Amino acid sequence: MKKSDLDQSRLLSPATLNNFLKEYALFDSLNILGTSVENRPIYSYSVGDGSKKILMWSQMHGNESTTTKALVDFWLYLKTPEAKQLRESCTFLMIPQLNPDGSDAYTRVNANGVDLNRDAIDLSQPESRVLRDVYEQFKPDYCFNLHGQRTIFAAGDTSIPATVSFLAPAADHDRTITTARELAMKLIVIANINLQAHITGAVGRYDDGFNINCVGDYFTAQNTPTVLFEAGHYPLDYKRVKTRKHIFNSLVVMADTIASNTIETIETAPYFEIPENKNHLRDIELYNLKKSPDGLSVFDNCMLIQFKEVKNGNDIDFIPEIVTESKGLAGMQRINAQEHKNLMNLYFDADNYEIENLTKTISLLSLHQFV
Ligand SMILES: [Zn+2]
């Protein structure tokens, strides 16, 4: 099993991950922190013995596997001679799948249907209590809260998908820039500088409205600098192979900054220059569509398609769905219908059977071109 084998599917079940870790002789290094609703172990691993403590967790939302793959890459990197300074300066405690049941089922929520990132105060779920316990025992200097985001998110008002987004969560309703929050902002600034060299204009910043039920907001309110990562979309990269590399690189850059004591030299102001995440993008825009028989165009002669991610066995299918309310939305991948013989003669009407034909056609197109 190669590292790239993890790219075969967006579904990363605990079984697949554990098989991978066994092959790399990493599985025996895992500790069991607790168990999930369905009694799956919640694993962690620890690398390094330095004084700066960094807690990282991924797949708190089970259908967000890209950052878990990057976290495994980071673990493998930490074992190399190149990472000696990191191991000596820092202690990394990492939880690759905080929500193993959701990771198996490809759901955002846990097996009780609860969003673990809205459970920071209630602690109603075993997975939430595992994270809180490890936070209180480990007493991290920094937290990395690793997530993935859908294709709908753009970096600002552009049509560029936000390949990576960040947030330094607020610590209170006034969004005060506390010392902890400022440190998280500085880490994001240095990561953004590095990312811009590779994915110019494709980094977004999340809204910082305060919600104490979100784990990042809660930890920031406890004065622990916490960085929210969102692994997003890169054009045509539905397996998120490229995004995985950008997340890995961001982890290395941030960890190096902490390890080398250079964080205080980074300015905070550029954090606010990162464009805000906007959610107006949809996967495909078909344009130059044939008009309906009465000569009127429907959907303004163009149509937006959004893929729905559906688990199918050990893989994820991307099922195209027509976006019926498209006002204010924009297509990421624009296709001229007149350049595809399967599309050029179709016309569209909300009551017309050809919509079904279109969905099938897009399915065929998407299999070859997009997924
Ligand atoms: Zn998430």
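Because the structure is predicted, anything quoted here is derived from the model rather than measured. (Residues numbered from 1 in each chain as written. Predicted model: local features only at pLDDT ≥ 70, side-chain atom pairs only at ≥ 80, totals over all residues. Heavy atoms only, no water.)

Participant: Kindly report on the packing of helix α2 (residues 66–78) against helix α8 (residues 241–259), identifying the contributing residues and their values.
Facilitator: α8 packs onto α2 with a crossing angle of 50 degrees between their chain directions and a minimal axis gap of 8 Å. Classified by the angle between their axes, α2 and α8 sit oblique to one another. α8 is crossed by α2, and the crossing has right-handed handedness. Taking contact as the criterion, the partners of T66, T67, K69, A70, L71, D73, F74 and Y77 in α2 are, on α8, T243, R244, I247, F248, L251, V252 and A255. (Axes fitted to C-alpha atoms, helices over the stretch in contact; angles between N-to-C directions. Helix = DSSP H or I, 4+ residues; strand = E, 2+ residues; numbered from the N terminus. Parallel < 35°, antiparallel > 145°, perpendicular 65-115°, else oblique. Left-handed = near helix turned anticlockwise from the far one by under 90°. Contact = heavy atoms within 4.5 Å.)

Participant: Account for the coordination of the zinc ion, naming residues and giving values.
Facilitator: Here the zinc ion is held by the protein donor atoms H61 (ND1), E64 (OE), E64 (OE) and H147 (ND1), which lie 2.0 to 2.5 Å from it. For the zinc ion, the four donor atoms in the first shell make angles of 56 to 153 degrees at the metal, so the coordination geometry reads as irregular. Read from N- to C-terminus, the donor residues coordinating the zinc ion fall into the pattern H-x2-E-x82-H. Remark: H147 occurs in strand β5 (residues 142–148) and H61 occurs in the loop between β3 (52–57) and α2; sequence separation between them is 86 residues. Comparing H61 with H147, the two get one shared label, buried. (Donors = N, O, S within 2.8 Å, 3.2 Å for Na, K, Ca; no water. Tetrahedral: all angles 85-135°; square planar, octahedral: opposite > 155°, others 65-115°. Buried < 20%, exposed > 50% of the residue type's maximum accessible area, 1.4 Å probe, protein only.)

Participant: Outline the sheet that holds strand β7 (residues 164–167), listing residues and values.
Facilitator: Read across the open sheet, the eight strands follow the order β1-β2-β4-β3-β5-β9-β7-β8; overall the sheet is mixed. Here the strands that pair on one side only, and so sit at the sheet edges, are β1 (31–35) and β8 (203–205). On average, each strand axis in the sheet is inclined to that of its neighbour by 20 degrees, with strand direction left out of account. Strand direction decides the pairing type here: β3 and β5, joined by four bridges, are parallel. In the strand pairing of β5, L55 is matched with C143. On the sheet, α8 packs against β3, β4 (90–95), β5, β7 and β9 (226–231) and is oriented at approximately 165 degrees with respect to β9. (Pairing = 2+ DSSP bridges.)

In short, geometric facts, not functional conclusions.
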